[in-house]
Amino acid sequence: MVTAIRGDECYIATMSGKNMKDWLPRIKDVEEWAAFNECKKITIQGRRGWSRLLGYEITGRDDLNLH
């Protein structure tokens, strides 16, 4: 995962790798880090299928947000 904080948003620019079941649970670490840094939302630039895996809401053409 490549992340950045942009204002009050945690932005995940990319997320990929082999053996997803091993690394995908780390998204909880990113969510905690975002909350610690007072982010109001997490945005992922990626495929719409991520919303199904993560339980995120699709809010734009390409953005997934956790509110």
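Quick look at the structure, then.

Rules behind the numbers
Within any chain, residue numbers begin from 1 and follow the written order of that chain's sequence. Only residues with pLDDT of 70 or above have their local features reported here, since the model is predicted, and side-chain atom pairs are shown and tallied only from 80 upward, although totals for entire chains, interfaces and linings are computed over all residues. As a rule here, side-chain values come from all non-hydrogen atoms in the structure, and water together with hydrogens is ignored. Note on conventions: DSSP H or I runs of at least 4 residues are helices, E runs of at least 2 residues are strands, and numbering of each starts at the N terminus. Accessible area is worked out with a 1.4 Å probe on protein chains only. A residue is then buried under 20% of its type maximum, exposed over 50%, and partly exposed in between. Contacts between residues were defined by any pair of non-hydrogen atoms, one from each residue, lying within 4.5 Å. For this analysis, a salt bridge means a side-chain nitrogen from Lys or Arg found within 4 Å of a carboxyl oxygen belonging to Asp or Glu.

A closer look at the overall build of the protein
From N to C terminus, the protein includes 3 helices and 5 strands. Secondary structure elements of the protein, listed N to C terminal, follow the sequence β-β-α-α-β-α-β-β. Counting the 67 residues in the protein, one finds 31% classified as buried. By sequence separation, contacts in the protein at least 24 residues apart represent 45% of the contacts at least 6 residues apart.

Remarks on the environment of Y56
By the element assignment, Y56 lies in the loop between α3 (49–54) and β4 (57–58). Its relative accessible area of 7% is what places Y56 among the buried residues. For the pair formed by Y56 and T43, sequence separation is 13 residues and the distance between their alpha carbons is 9.3 Å.

Quick word on the pattern of salt bridges
Within this structure, the stated rule accounts for 4 salt bridges. The residue D29 makes a salt bridge to R26 at a minimum N-O spacing of 2.6 Å. With a relative accessible area of 37%, D29 lands in the partly exposed category. Since its relative accessible area comes to 52%, R26 is described here as exposed. K28 is the salt-bridge partner of E31, the closest N and O atoms lying 3.5 Å from each other. With E31 and K28 both in helix α2 (residues 27–36) and 3 residues apart, the pair spans about one turn of that helix.

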